[in-house]
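Analysis of the macromolecular model
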Amino acid sequence: MAVEMRMWRIDGDEPKPLATSALPAEKDLHEFLKRDPSLLGERLLVIGSEVITPYGSRLDLLAIDVDGNLNLLELKRDKTPREVVAQVLDYGSWASTLSRDEVLDIATKHLDQPFEAAFEDVFGSAPPDELNGELSLTIVAAELDSSSERIVNYLRDFGVPVNAVFFSYLEDDNRRYLARSWLAGSDEETAAAPKGSKKSKRAPWNQIDWYVSYGAGRNWADARRFNFISAGGGRFYSKTLRSLPEGARVWVHLPGTGFVAVGKTLAPARRWAEALVKVDENWVNLAEQDLFGAPHADFDSVDDDMAEWVVPVEWVDARPETEAYWEKGLFASQHSACKLRQEFTLERLADHFNIDDGE
C-alpha cells in the first residue's frame, strides 16, 4: 500500500491539517541529506556526492555507517517511477564489488580531510578494518507508485537490501517541516544477501605490526624502564596479549592519552611471577625489581585468565606519557593486543617515531 504522510496541528480541541506541498527541488533535498544524513534515522558519514560510476552515471549519495557498511542513496523528486528501482539495483551491483581500497579512494576524492579523521568526527572512533561488508540501497522519494512498491517488497523477500524512504514537505504559517516514513521498518530483517566480488574489503595485514593497549592503572614508567608490556584481570585482556608472537612489532597506546612507544617482542607472554625482562643486556626476574607502581590486583591469581601476563620488549623508541602522540582518526581498541592493519595509523606512527620500513 502506498505511503501517505499527513500531519495535524492541535489548536485547542480542533485538529488542523498541515498543508502538504511539493518537495523543494531535488537538489535541496540532496543538500539536506548531504549535510545531515541522520535525517534517515541513523548516523552516517557521506563519503561521496554525485559519485561517478564506471558506467558514467552518477550516484546521488554514498554514505558509510559505524560498522563500515555502505549506504547508497538515490533521490527522485515527487513520484518515483519503476525505473529508479532498476537504477538503484544497478548502483548496488557496482558498489557491492568495491574493495576497501576503492572505498577509500572515493572518500579521498570527496572529503576535505582524511577518511579516518572524518569517520572519527561522526562516530567517535577509528573505522573498522573491514569496509563494505554489507550494503544498503535506499530510494528517497515523496511517494512510490504501487508497482514499484511491490517490486521493492519482492526484492527484500529475496535478501536484496533495498528500501524506500519518503519525505513529505509540509507548511504551517511561516514554518516548514520535513516528515519521514519508511516503506519497510528497520526491524523487518531481510534474508542474507548474496556475497559480491572477492575483492578484499578488509585492510591487509603486513604480518608484523600489532597494536597494544597499556593501561588500567598500570605504570607506564615501569614498563618503559624495565622493557615490558603486560595485561590481565580477565580473559578479554589476558588472552589477546598472550597471542603476541615473538618478534612482533608493537605500537603501545595509553588509553585516553596516545601512542608512546614502538618495540619488538623478545619472547612469548609469561605469568608475572615467572616473567623475565631484558635490562642492560641481562635477563632479570621482573617480580624482583623495584617498581614505581604495583602490579594488577590479581597478578598472582591461580586463574590464568585473571593473572597478569608479561611480554618482554626491546624498545625502538619509548617516550614518557607527557610526550604521547595522538591525532584524530588513529586506531584504538579496548583489546590488550590486536593486529594493526590500518594504513592511516601505521603511516602516521611510522612518521612520528621515525620508523623506516626495514626496522
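Residues numbered from 1 in each chain as written. Predicted model: local features only at pLDDT ≥ 70, side-chain atom pairs only at ≥ 80, totals over all residues. Heavy atoms only, no water.

Under an unreviewed UniProt entry, the name given to the protein chain is DUF91 domain-containing protein, and the source organism is Aeromicrobium marinum DSM 15272.

**Details of the overall build of the protein chain**
Worth spelling out the cut-off: The helix and strand labels rest on DSSP assignments: H or I over at least four residues marks a helix, E over at least two residues marks a strand, and numbering proceeds from the N terminus. We call a residue buried when its accessible area falls under 20% of the maximum for its residue type, exposed when it is over 50%, and partly exposed in between, using a 1.4 Å probe and counting protein chains only. Should any heavy atoms of two residues lie within 4.5 Å, those residues are considered in contact. In short, Shrake-Rupley with a 1.4 Å probe defines the accessible areas, and a residue's cover is counted only from the protein chains shown.
Within the protein chain, the secondary structure is distributed over 8 helices and 20 strands. Going through the 359 residues of the protein chain one by one, you find that 47% of them count as buried. Sequence-distant contacts, at least 24 apart, represent 70% of the contacts inside the protein chain between residues at least 6 apart. Counting only carbon and sulfur atoms, one obtains 47% of the accessible surface of the protein chain, whose full area is about 18300 Å².

**Things to note about the packing of helix α2 (residues 82-95) against helix α5 (residues 146-157)**
The geometry of a pair of packed helices is captured by two quantities: the angle between their axes and the separation between those axes. This is how the line gets drawn: Where helices are involved, their axes are fitted lines through C-alpha atoms of the stretch in contact, as for all axes, and angles between N-to-C directions lie from 0 to 180°. The labels follow the angle: roughly parallel below 35 degrees, roughly antiparallel above 145, roughly perpendicular from 65 to 115, and oblique for the rest. In the scheme used here, Gly and all other residues not listed as nonpolar or charged are polar, with Ala, Val, Leu, Ile, Met, Phe, Trp, Tyr, Cys and Pro taken as nonpolar and Asp, Glu, Lys and Arg as charged.
Here α2 crosses α5 at 30°, and the two axes come no closer than 8 Å. Considering the angle they form, α2 stands roughly parallel to α5. In this structure, α2 uses R82, V85 and L89 to contact α5, whose residues at the interface are S147, S148, I151, V152 and L155. By residue class, the composition of the contact of α2 with α5 is 5 nonpolar, 2 polar and 1 charged.

**Structural notes on the nonpolar core**
For soluble globular proteins, the rule of thumb is that nonpolar side chains tend to be buried together. What counts is decided by this rule: In these notes, a set of buried Ala, Val, Leu, Ile, Met, Phe, Trp, Tyr and Cys residues joined through side-chain atoms within 4.5 Å is what counts as a nonpolar core.
Membership of the largest hydrophobic core comes to 35 residues, with the highest contact counts inside it found for L45, I47, L62, I64, L70, L72 and F115. Counting residues per element, this core draws most heavily on α2, which supplies 6 residues. When near neighbours in sequence (up to four residues on either side) are disregarded, F115 contacts L45, I47, I64, L104, A107, P127 and L131.

**Quick word on the packing of aromatic side chains**
Centre-to-centre distance and the angle between the planes together describe a pair of aromatic rings. Where we set the bar: Stacked, tilted and edge-to-face are the three classes applied to pairs of Phe, Tyr and Trp rings, where Trp contributes its six-membered ring and a pair requires centres within 6.5 Å; stacked means planes under 30 degrees apart, edge-to-face means over 60, and tilted covers the rest. By definition, being over a ring means that NZ of Lys or CZ of Arg is both within 6 Å of the ring centre and within 35 degrees of the ring normal.
Under the definition given, this model contains 12 aromatic pairs. Note on Y211 and F259: the rings are 6.0 Å apart at their centroids and 80° apart in plane angle, and the pair reads as edge-to-face. Placement of the pair is Y211 in strand β12 (residues 209-213) and F259 in strand β15 (residues 258-265), with a sequence separation of 48 residues. According to the relative accessible area criterion, Y211 is buried, its value standing at 0%. Measuring from ring centre to ring centre gives 6.2 Å for F228 and W272, while their planes differ by 85°; the resulting arrangement is edge-to-face. One end of the pair, F228, is in strand β13 (residues 228-231); the other, W272, is in the loop between β16 (270-271) and β17 (276-279), with 44 residues separating them in the sequence. Geometry around W309 places R242 over its ring, the cationic atom sitting 4.3 Å from the centre.

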